[in-house]
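# Summary of structural features
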Amino acid sequence: PPHRPGLVKMSSVEPGRFFCTAGRGLEPFLAREVRARLGATEVDCVSGKVFFRAAAGPGELRKLRSGERLFLLLKKHSPLPVSGNKGKMLHEIKSLVIEEPKYWLDIISVWRKLRGHEGKTDDVSQENTLALKRKSEEETNSASKRQKTEQVRAVLSEECQIEAGERCVVPERMSGQECWIESKTSSEFPSKGGEENPTANEKLSFSFRVSCRCSGAIAKIFTSQEIGRAIGIALVKQCGWHADLRDPDLEIFVHLNDIHSVVGIPLFRLPLANREYIKTAGLRSTVAWAMASLAEISAGALVLDPMCGLGTILLEAAKEWPEACYWGADINDSQLEGADGNIRTAGLMDKIELLKASVKALPLPSESFDSVISDIPFGKKFKITNDAQLLPDILQEMERVLRVGGTIVLLLSRDLRKRMDGLTKCAGADSPEATADGDSEAAPAKALSVDGNSFSLAHGVAESFLSSSHFGSLVPDGVYAVSLGKTDAFIYKYRKVSAARN
C-alpha cells in the first residue's frame, strides 16, 4: 500500500479533519475519490461539500481532482437557532470562531505544516506565533484589560473600513427565499509608524480576512457583512490581528445555513480545480475528470474523444491514468490548435494523438477502442434542432469504433438528453436484446451513492433512463446530473454488449 504520512498532532482541535467544496452533482464523485485516494474515513456528503478525515500531507491533498476548494475544518455544528434576539444570535455566531489564543496557535501551526509555508510568509507566521505565545502567557489585571478594550473599540469605531462585495444567487434547487450571499469583509488598522509600541505592531503584523456565506433562515436576519464584521472585530480584540481584504496571511471561512454551521481555513490559495497544466480552459476540469473516472480506463487501454475540442477530457484522463493511450479528433482547426497547446503545456505529447476528422465519419478501424468519452457540444455551436440526424450518426460511429465490453461516457445538455432518451426508446423497440414484452434486460441505471443514499441521479432522469432500451449494441449503465454553472448537464454511460450491426 502507498505510504501515508501520520496525522498531524495538535491540541484543542480534532486532527486530520477537512472539507472540500464540489460542484452540484459532483459530491459523490468527490466522496468516492477521497476514500480511494486518501483512505479517508468519516466521509459525509451534503449539498456542495464533502467532509472527511484523512492522514494526508499537502502533496496528497493537492491531488484531489473532483473538488473545488479544500479547507482545514475547525468547527462543524448544527444550524444556529434563529430567534428574535439578534444580540444573542451574534454572540453565538462569534463563539464559533473566538477561542483562547492557544487554540489559534495550534490551528496556525497545523495550517502552516499542511500548506508548507516558505520564505516571507513563513517568517510572518513565525513572528505571529511568538506574539500569540506571549499573549497566551500574559497575565494582566482587570484595569489594563478594560483599557485595552476601550482602545480597540476606539480604533474600530474611528478607523474601521469595511470593503465588501455581495452577490445573491438563487439556485434551482432552492426555494425563492433561500438566497446565497457571499461576502469578504476587511477592517484596516494602522500598524506602522507613529508612537505605537513594538509589541502592538508585532501582534498586528498577522493579517486575516473573514469570508461569510449565509443561506436559509439566518440570511433573512443578518447580512454576511454584519456577521463578517462582528467576527472580525472579535478576532482583533482576542488575537491582536489586523484585517486585510486583498492579501491576508490567513483566510477564515464561515458557512451558515439550515443544514450546519461550518468554520474552516482554506489550505491552498488557488482552488484545486485550477489546473496548472491547462493552458486554455474548456470544459470544467472537475467534470472532465468525473467523466473519465466512469470510463473504466485500465493500463494499455485505447481511449478516444471524437469531439475533443480543447482536449480537457483527454488531459484529465491522461494525467490520472497515464498507462493508457489517448486519441482526440475534431473537425475544427482552431480547437485542435488549442488542444495541441494544452497537450504540450501538460507534457503529454507522447500520450495523446490528435487528428482532424468528423465524428460522423471517423477514419478509425471498427472495434479498436476500449473507451469513448466525449462532451457533445451544445448551445450556440451545436444546433441539434437543425439536424435531426446528427445525434444518431454520432452514436452509431461511436458504437462502431468501440470494442465489445467497452464503455461510452457522454456529457449532454438537457435538450440533448431528451433527444437521447427518444432515440434509445425507439431503437430499443426493435432491438433483438429486448424481451418479448418490450422490457429491456439492460443493467439498471446507476447513481453514485454515499452511505447508501443516491446523490446524483437526476430528478426525472431515473424514470426515463430505467425505461430506455438499447441503442444497437449499447446498453445504459448510469446517468448523473451535474452543474456547469449557469446550466445543467447530464453524464450518460453506456456499455457495448455485442458486435455492432450495420
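So, how was this worked out
Residues numbered from 1 in each chain as written. Predicted model: local features only at pLDDT ≥ 70, side-chain atom pairs only at ≥ 80, totals over all residues. Heavy atoms only, no water. UniProt positions renumbered as here; feature names shortened; annotations may be inferred. Axes fitted to C-alpha atoms, helices over the stretch in contact; angles between N-to-C directions. Helix = DSSP H or I, 4+ residues; strand = E, 2+ residues; numbered from the N terminus. Parallel < 35°, antiparallel > 145°, perpendicular 65-115°, else oblique. Left-handed = near helix turned anticlockwise from the far one by under 90°. Contact = heavy atoms within 4.5 Å. Nonpolar A, V, L, I, M, F, W, Y, C, P; charged D, E, K, R; others polar. Phe/Tyr/Trp six-rings, centres within 6.5 Å; stacked < 30°, edge-to-face > 60°. Buried < 20%, exposed > 50% of the residue type's maximum accessible area, 1.4 Å probe, protein only. Salt bridge = Lys/Arg side-chain N within 4 Å of Asp/Glu carboxyl O.

If you look the protein chain up in an unreviewed UniProt entry, it shows as U6 snRNA (guanine-N(2))-methyltransferase THUMPD2 from Oriolus oriolus. Listed under Subcellular location (unreviewed entry) in UniProt, the entry text for the protein chain is "Nucleus". The UniProt entry for the protein chain carries this comment under Catalytic activity (unreviewed entry): "guanosine in U6 snRNA + S-adenosyl-L-methionine = N(2)-methylguanosine in U6 snRNA + S-adenosyl-L-homocysteine + H(+)".

With that settled, consider the packing of helix α9 (residues 285-294) against helix α10 (residues 312-320). Between α9 and α10, the shortest axis-to-axis distance is 8 Å and the interhelical angle comes to 60 degrees. Relative to α10, the element α9 lies oblique. Handedness of the α9/α10 crossing: right-handed. For the pair α9 and α10, contact is made by Ser285, Ala288, Trp289, Met291 and Ala292 and by Thr312, Ile313, Glu316, Ala317 and Glu320, respectively. Taken together, the residues of the contact of α9 with α10 break down into six nonpolar, two polar and two charged.

Next up on the list: the packing of aromatic side chains. Summed over all chains, the structure comprises eight aromatic pairs. Note on Phe29 and Tyr480: the rings are 5.7 Å apart at their centroids and 65 degrees apart in plane angle, and the pair reads as edge-to-face. A residue pair is termed long-range when its members are at least 10 positions apart, and Phe29 in helix α1 (residues 27-38) and Tyr480 in strand β18 (residues 474-483) qualify at 451 residues. By relative accessible area, Tyr480 is classed as buried at 3%.

Its identity is not glycine, yet Glu296 carries a phi of approximately 55 degrees, on the positive side. By the secondary structure assignment, Glu296 is in the loop between α9 and β11 (302-305). For Glu367, which is not a glycine, the phi torsion comes out positive at approximately 50 degrees. By secondary structure assignment, the location of Glu367 is in the loop between β13 (352-356) and β14 (369-375).

Take the pattern of salt bridges next. Under the definition given, this model contains 20 salt bridges. Put simply, Asp333 and Lys356 hold a salt bridge, and the shortest N to O gap is 3.1 Å. Here Asp333, found in helix α11 (residues 333-346), pairs with Lys356, found in strand β13; they are 23 residues apart in sequence, far enough to count as distant. Owing to a relative accessible area of 43%, Asp333 belongs among the partly exposed residues under this scheme. Two residues, Asp488 and Arg414, come together in a salt bridge whose shortest N-O distance is 3.1 Å. Placement of Asp488 in strand β19 (residues 488-496) and of Arg414 in helix α13 (residues 414-429) is noted, with a sequence separation of 74 residues between them. In this structure Arg414 comes out as partly exposed when scored by relative accessible area, which is 34%. One salt-bridge network, held together by shared partners, links Glu296, Asp477, Lys493 and Arg495.

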